[in-house]
Amino acid sequence: LEKLDGRIDALLRKAIRQAGYSEVLATHAELDWRASGFWPGTAHATQYAAGDQHRRYRKLHVRITWRDSTGAPIEVPGPICIGSGKFTGMGLFAALAGGQS
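No experiment lies behind these values; they were computed from the predicted model shown.

### Remarks on the pattern of salt bridges
Here the structure, examined in full by the defined rule, presents four salt bridges. Notably, a salt bridge pairs arginine 17 with glutamate 23, separated by 2.7 Å at the nearest N-O pair. Given the relative accessible area of 34%, arginine 17 is considered partly exposed.

### Description of the nonpolar core
By size, the foremost hydrophobic cluster in this structure holds 16 residues, and its most contacted members are Ile16, Leu31, Ile64, Trp66 and Ile82. Within the residue set of this core, elements represented by two or more residues are helix H1 (2-18), helix H2 (23-28), strand S1 (30-34) and strand S2 (61-65). The greatest single-element share of this core, amounting to four residues, is contributed by H1. Here isoleucine 82 is in contact with Leu12, Ala15, Ile16, Ala19, Tyr21, Ile64, Met90, Gly91 and Phe93, once residues within four sequence places are set aside.

### Observations regarding the pairing of S2
The buried count for S2 comes to four of five residues, which makes it a mostly enclosed element. Strand direction decides the pairing type here: S1 and S2, joined by five bridges, are antiparallel. Within S2, the residue paired with tryptophan 33 across the bridge is valine 62.

### Comments concerning unusual backbone geometry
Of the consecutive residues glycine 78 and proline 79, the connecting peptide bond is found in the cis state with omega at 5°. With respect to the helices, strands and loops of the structure, proline 79 is situated in the loop between S2 and strand S3 (80-81).

### Describing H1
Taking 1.5 Å per residue as the helical rise, H1 with its 17 residues ought to reach 24 Å, and the 24 Å between its terminal C-alpha atoms agrees with that figure. Of the residues making up H1, those classed as buried are Ile8, Leu12, Arg13, Ala15 and Ile16. The arc that holds the buried residues of H1, viewed along the axis, is 155°, so those residues lie on one side. For H1, the exposed residues set more than 90 degrees away from the buried face come down to Lys3, Arg7 and Gln18. Elements that come into contact with the buried residues of H1 comprise H2, S1 and S2. Two residues or fewer past H1, glycine 20 is found with a positive phi of approximately 100°.

Analysis parameters
- Residues numbered from 1 in each chain as written.
- Predicted model: local features only at pLDDT ≥ 70, side-chain atom pairs only at ≥ 80, totals over all residues.
- Heavy atoms only, no water.
- Salt bridge = Lys/Arg side-chain N within 4 Å of Asp/Glu carboxyl O.
- Buried < 20%, exposed > 50% of the residue type's maximum accessible area, 1.4 Å probe, protein only.
- Core = buried A, V, L, I, M, F, W, Y, C linked by side-chain atoms within 4.5 Å.
- Helix = DSSP H or I, 4+ residues; strand = E, 2+ residues; numbered from the N terminus.
- Contact = heavy atoms within 4.5 Å.
- Pairing = 2+ DSSP bridges.
- Expected span 1.5 Å × (residues − 1).
- Arc of directions from axis to C-beta.

Here it is in structure tokens:
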């Protein structure tokens, strides 16, 4: 599981960089992922339909807490889209109170 978590972490940080966010944001973002949603009433990640190109991949809800190089939280305006599914409705992040996406 530790190896899988490392791979998920690396892929999320890569997606942040590829979306045009700075290396500082990609490196210092606090990432949390799980199958159940972070907002009350959110469907389990497996219940979302995915296009053919994404069906074989694990679906997860992800929370990003943006931090600067000192670890202080910073706000990044949203919503944002990252990752290979951003053009198909996957990879959409909406802002929560407190600077999280």
